[in-house]
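Letter by letter, the chains look like this.
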Amino acid sequence: MNMQQQNTTPIMDQPPKMISTKDHLYLTDMLSWNLNASKKARFFAENCSIPEVKQAINKACEMHEKHYNIILNHLKDNKKTFM
């Protein structure tokens, strides 16, 4: 007996004109997670005395700041869509 299920969800060619409450909450969470991770990494880098570790932590901090800014800029660029 074949128990495979076929995906019947249609694929969207374009994003929707509005976002749902659930999407909004998830975007808010993503911003919070990246901001929090960036702040923690910055704190740990400032208190680290091993140059190699400090450099790696700073790189992680920059990555989270970059992700935060990408999300934020995308939301700003599409402000009319999300209001």
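What comes next is a walk through the structure.

### Considering the overall build of the chain
Now for step 1: Of the regular secondary structure elements, the chain holds three helices and zero strands.
Now for step 2: For the chain, with 83 residues in total, the buried portion stands at 12%.
Now for step 3: Look at the contacts in the chain between residues 6 or more apart in sequence, and 56% of them connect residues 24 or more apart.
Now for step 4: Accessible surface, the chain as shown: approximately 7,700 Å² in total, 57% of it carbon and sulfur.

### Let's talk about the packing of aromatic side chains
Now for step 1: What the rule picks out here adds up to two aromatic pairs.
Now for step 2: Their ring planes at 80 degrees and their centres at 5.7 Å tell us that Tyr26 and Trp33 sit as a pair that is edge-to-face.
Now for step 3: Taking 5.6 Å as the distance between ring centres and 65 degrees as the angle between the ring planes, the aromatic pair formed by Phe43 and Phe44 counts as edge-to-face.
Now for step 4: Judged by relative accessible area, which is 48%, Phe43 ranks as partly exposed.
Now for step 5: The exposure class assigned to Phe44 is partly exposed, which follows from its relative accessible area of 47%.

### Let's talk about the pattern of salt bridges
Now for step 1: Counted by the stated rule, this structure contains one salt bridge.
Now for step 2: Glu65 is the salt-bridge partner of Arg42, the closest N and O atoms lying 2.7 Å from each other. Within this pair, whereas Arg42 is found in helix 1 (residues 21-46), its partner Glu65 is found in helix 2 (residues 51-77), the two being separated by 23 residues in sequence.
Now for step 3: Under the relative-accessibility criterion, Arg42 is labelled partly exposed at 33%.

### Remarks on the environment of Ala41
Now for step 1: As for its placement among the helices and strands, Ala41 is situated in helix 1.
Now for step 2: Along the chain, Ala41 and Ile57 lie 16 residues apart, while their C-alpha atoms are 5.8 Å from each other.

### Some words on the environment of Asn58
Now for step 1: Following the sequence through the fold, Asn58 ends up in helix 2.
Now for step 2: In sequence terms Asn58 and Glu46 are twelve residues apart; their C-alpha atoms lie 9.0 Å from each other.
Now for step 3: Not counting residues up to four positions away in its chain, the partners in contact with Asn58 are Arg42 and Ala45.

Rules behind the numbers
Residues numbered from 1 in each chain as written. Predicted model: local features only at pLDDT ≥ 70, side-chain atom pairs only at ≥ 80, totals over all residues. Heavy atoms only, no water. Helix = DSSP H or I, 4+ residues; strand = E, 2+ residues; numbered from the N terminus. Buried < 20%, exposed > 50% of the residue type's maximum accessible area, 1.4 Å probe, protein only. Contact = heavy atoms within 4.5 Å. Areas by Shrake-Rupley, 256 points an atom, 1.4 Å probe, with all protein chains shown as cover. Phe/Tyr/Trp six-rings, centres within 6.5 Å; stacked < 30°, edge-to-face > 60°. Salt bridge = Lys/Arg side-chain N within 4 Å of Asp/Glu carboxyl O.

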